[in-house]
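Reading the structure
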Amino acid sequence: MTANVIIGAQWGDEGKGKVVDLFTEFADIVVRFQGGNNAGHTLVVEENGVTQKTVLHLIPSGILHRNKVCVIASGVVLDPGVLLGELDALAQRGHTVEPRQLLIASDASVILPYHCALDIARETSKGERKIGTTGRGIGPCYEDRVARRAVFVRDLLDEPSLREKLESNLPEKNQLLAHYGAPGFELEAVLAQMLALGVRLAPFVRETGRFIYDEVHRGRNVLFEGAQGTLLDVSLGTYPFVTSSHTTAGGVCVGAGIAPSAINGVIGITKAYCTRVGSGPFPTELNDEVGEFMRKAGHEFGSTTGRPRRCGWIDVAALRYATRINGFTGLAVTKLDVLSGLERVKFCVGYHDAQGNQLDEPPMDVARLATLTPIYEELSGWSEDISGVRVFDDLPRNARHFLRRLETILGVPIVLVSVGAKRAETIVLENIYR
Ligand code: GDP
Ligand code: IMO
Ligand code: MG
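Residues numbered from 1 in each chain as written. Chains lettered and ligands numbered in written order. Predicted model: local features only at pLDDT ≥ 70, side-chain atom pairs only at ≥ 80, totals over all residues. Heavy atoms only, no water.

Distances from the magnesium ion (ligand 3) to its protein donors, Asp13 (OD) and Gly40 (O), fall within 2.0 to 2.2 Å. Of this pair, Asp13 sits in the loop between strand E1 (2-8) and helix H1 (16-24) while Gly40 sits in the loop between strand E2 (29-32) and strand E3 (41-47), and the two are 27 residues apart along the sequence. (Donors = N, O, S within 2.8 Å, 3.2 Å for Na, K, Ca; no water. Helix = DSSP H or I, 4+ residues; strand = E, 2+ residues; numbered from the N terminus.)

What follows covers the site of ligand 2. In the neighbourhood of ligand 2, 20 residues make up the surrounding shell, with Asp13, Lys16, His41, Thr134 and Thr243 lying closest. One of the backbone nitrogen or oxygen atoms of Asp13 is found 2.7 Å away from an oxygen atom of ligand 2. Taking Gln228, its main chain carries an N or O atom lying 2.8 Å from an oxygen atom of ligand 2. Of the residues belonging to the shell around ligand 2, the class tally is seven nonpolar, ten polar and three charged. Built from parts of two domains, the shell around ligand 2 gets at least three residues from each of domain 1 (2-98 + 207-428) and domain 2 (109-201). (Near = heavy atom within 4 Å. Polar contact = N/O pair within 3.5 Å; in protein donor to acceptor, adjacent residues only side chain to side chain. Nonpolar A, V, L, I, M, F, W, Y, C, P; charged D, E, K, R; others polar. Domains from an automatic or database assignment.)

This next bit is on the domain arrangement of the protein chain. Looking at the assigned domains, one finds that the protein chain contains domain 1 (2-98 + 207-428) and domain 2 (109-201). Inter-centroid distance (C-alpha atoms) of domain 1 to domain 2 is 29 Å. On the domain 2 side, the residues contacting the 27 residues of domain 1 number 21 residues. When residues of domain 1 are sorted by the area they lose upon contact with domain 2, Val77, Pro80 and Leu84 head the list and together hold 29% of the total. There are one salt bridge connecting domain 1 and domain 2. Close ionic contact of Arg200 with Asp88 constitutes a salt bridge, the shortest N to O distance being 2.9 Å. Those elements giving two or more residues to the side of domain 1 that touches domain 2 turn out to be strand E6 (77-78) and helix H2 (80-92). (Contact = heavy atoms within 4.5 Å. Buried area = accessible area lost by both parts, 1.4 Å probe. Salt bridge = Lys/Arg side-chain N within 4 Å of Asp/Glu carboxyl O.)

By the definition in use, this model includes three aromatic pairs. With centroids separated by 6.1 Å and ring planes inclined at 70°, the aromatic side chains of Trp382 and Phe402 adopt a geometry described as edge-to-face. Taken together, the positions of Trp382 in the loop between strand E18 (373-380) and helix H12 (397-410) and Phe402 in helix H12 put the pair 20 residues apart, joining distant regions of the chain. We note that Trp382, like Phe402, is buried. Each residue in the set Phe347, Trp382 and Phe402 is aromatic and connected to the rest through ring pairs, giving one cluster. The ring of Tyr376 carries Lys346 above its face, with NZ or CZ at 5.0 Å from the centroid. (Phe/Tyr/Trp six-rings, centres within 6.5 Å; stacked < 30°, edge-to-face > 60°. Buried < 20%, exposed > 50% of the residue type's maximum accessible area, 1.4 Å probe, protein only. Lys NZ or Arg CZ within 6 Å of the ring centre and 35° of its normal.)

What follows deals with the side chain of Asn4. Along the chain, the position of Asn4 falls in strand E1. Within polar-contact distance, the side chain of Asn4 engages the backbone nitrogen of Gly265 at 3.5 Å. With near-sequence residues (within four places) excluded, Asn4 lies in contact with Val222, Leu223, Phe224, Asn264, Gly265, Ile432 and Tyr433.

What surrounds ligand 1 is a group of 19 residues, the closest being Lys16, Thr42, Ser303, Asp337 and Ser418. Ser303 places a polar side-chain atom, nitrogen or oxygen, 2.8 Å from an oxygen atom of ligand 1. A distance of 3.1 Å separates an oxygen atom of ligand 1 from a polar atom in the backbone of Gly420. For ligand 1, the protein covers 92% of the area, taking 580 Å² as the surface of the free molecule. At the level of secondary structure, the elements contributing two or more residues to the shell around ligand 1 comprise H1 and E3. Partitioned by chemical class, the residues of the shell around ligand 1 number four nonpolar, eight polar and seven charged. (Areas by Shrake-Rupley, 256 points an atom, 1.4 Å probe, with all protein chains shown as cover.)

Here we come to the packing of helix H10 (residues 316-326) against H12. One can describe the packing of H10 onto H12 by two numbers: an axis separation of 10 Å at closest approach and a directional angle of 50°. As the angle between them shows, H10 and H12 are arranged oblique. In this structure, H10 meets H12 at a crossing whose hand is right-handed. Of H12, the residues touching H10 (which contributes Val316, Leu319, Arg320 and Thr323) are Leu406, Ile409 and Leu410. For the contact of H10 with H12, a count of residues per class yields five nonpolar, one polar and one charged. (Axes fitted to C-alpha atoms, helices over the stretch in contact; angles between N-to-C directions. Parallel < 35°, antiparallel > 145°, perpendicular 65-115°, else oblique. Left-handed = near helix turned anticlockwise from the far one by under 90°.)

Turning next to the pattern of salt bridges. The tally for this structure, following the rule as stated, stands at 26 salt bridges. Linking Arg163 and Glu159 is a salt bridge whose minimum nitrogen-to-oxygen distance equals 3.2 Å. Note that Arg163 and Glu159 are positioned in helix H5 (residues 159-179) at a spacing of four residues, about one turn of the helix. What makes Glu159 partly exposed here is its relative accessible area of 39%. Each of Asp13, Lys271, Glu300, Arg309 and Lys335 takes part in salt bridges that share partners, so that together they form one network.

We now examine the sheet that holds strand E5 (residues 69-72). Pairing within the open sheet is mixed, and its ten strands lie in the order E9-E7-E5-E2-E10-E1-E11-E15-E19-E20. Here the strands that pair on one side only, and so sit at the sheet edges, are strand E9 (205-206) and strand E20 (426-428). Pairing of strand E15 (residues 330-334) with strand E19 (residues 414-418), which is carried by three bridges, proceeds in the parallel orientation. Looking at the pairing, Val333 lines up with Val417 of E19. (Pairing = 2+ DSSP bridges.)

Along the chain, Glu377 turns up in strand E18. For the pair formed by Glu377 and Val349, sequence separation is 28 residues and the distance between their alpha carbons is 6.8 Å.

The linkage connecting Tyr239 with the following residue, Pro240, adopts the cis geometry, with an omega of 5°. Here Pro240 lies in the loop between strand E10 (221-225) and helix H8 (250-256). The phi dihedral of Asp13 is positive, around 60°, even though this residue is not glycine. For Asn48, which is not glycine, the phi torsion reads 50° and is therefore positive. When you line up the elements, Asn48 lands in the loop between E3 and strand E4 (50-56).

If you want it as structure tokens, here you go:
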């Protein structure tokens, strides 16, 4: 049996969707365990000779493999309308998802319309100090979970229970919305809307914790698909410029209900450079023509909100931190092709603070992080188009050197290198399910 976890090692959008889709071939079950439809995971797959792009927000990225089971576990915050929209979009393309292919945890928290309204109202009120959230209600929904007033997926199938929770929650939400000058919600309308969505969700709903445990212990291969990235973790990231869930490897245990000892491997995904969407410090950010080159060559516009992503050099010091807290056993390096054409490429290996002290990991105190100056190692670039390369040794010498240097600094082997968005544009160095 093998249970592997795939974790974003940066600020999200590292290419988790592509890598999960690729490794699903060898897995039996793919599990999302945290986050919600703030995620946007892109798969570019050839079907019947046509290249199809699919952006998934909630459904696990294994869904295009028909004979696998995808699970949305209890740690996820689920917007039922978004999930059903995603299912409809897949069905329209001939990918009808059967209840045996998708299991939704009965105890996942539901994102209600007032969560989205509050998320947007709070961001608007913050003005310049906004977090830059996706506006999908993620934070307010997790708040309710921690505050012990969550609406669970199972409540959508149980009118008295849902009514009771809405009666208890809605007056307070409406007061909060009024505080921000936003319109409130009417109980009967929310109730009717949610119950109708519940009817459609019902065939997929079950208890998933025991299912995952039983499958792991039956010797099945399980792939846990992280959303967001390490530096967006609510406890271990660049707080307050973070999301509201545990995006790091520890999040798997509480989000899917499995023990740390059941996990065999933790794969960290990093781009060959770095991006960030939303606010917050980003020491290696480039506000120059190189940053613009990366944005253009890498099509760095958000999969969920379409916002331009901030771009900069790879931050190996931040990856050192990510390696420490996630315990990476392997690395997947994506978008190496985007660097083709740059004469020099830079690696941030540490920072200097205002006092001249040298740091080998970023402090998660954002006030301090914002004042650091990166220390770079410079490597020679390469000009070749590498999107057709399928074997490591066929990469240009300088590209190989870039990857080997990354491995050496982090002390973690590279298992996969991605050289294009398509499933096939990949160099697999080690099959994590072998
Ligand atoms: P995720 O959120 O981690 O799944 O990543 P996103 O899907 O939000 O963003 C990654 C983007 O890069 C998507 O548009 C992918 O299609 C694309 N992509 C993934 N791997 C590669 C790669 O190796 N090269 C290039 N050029 N694009 C890639
Ligand atoms: P994937 O899974 C990149 C960012 C938002 C914002 C912060 C908080 O595609 O990598 P939230 O809506 O979660 O309260 O927003 O987190 N963010 C992401 N950035 N990729 C993501 O997901 C993200 N999900 C949230 O931009 O800065
Ligand atoms: Mg994304």
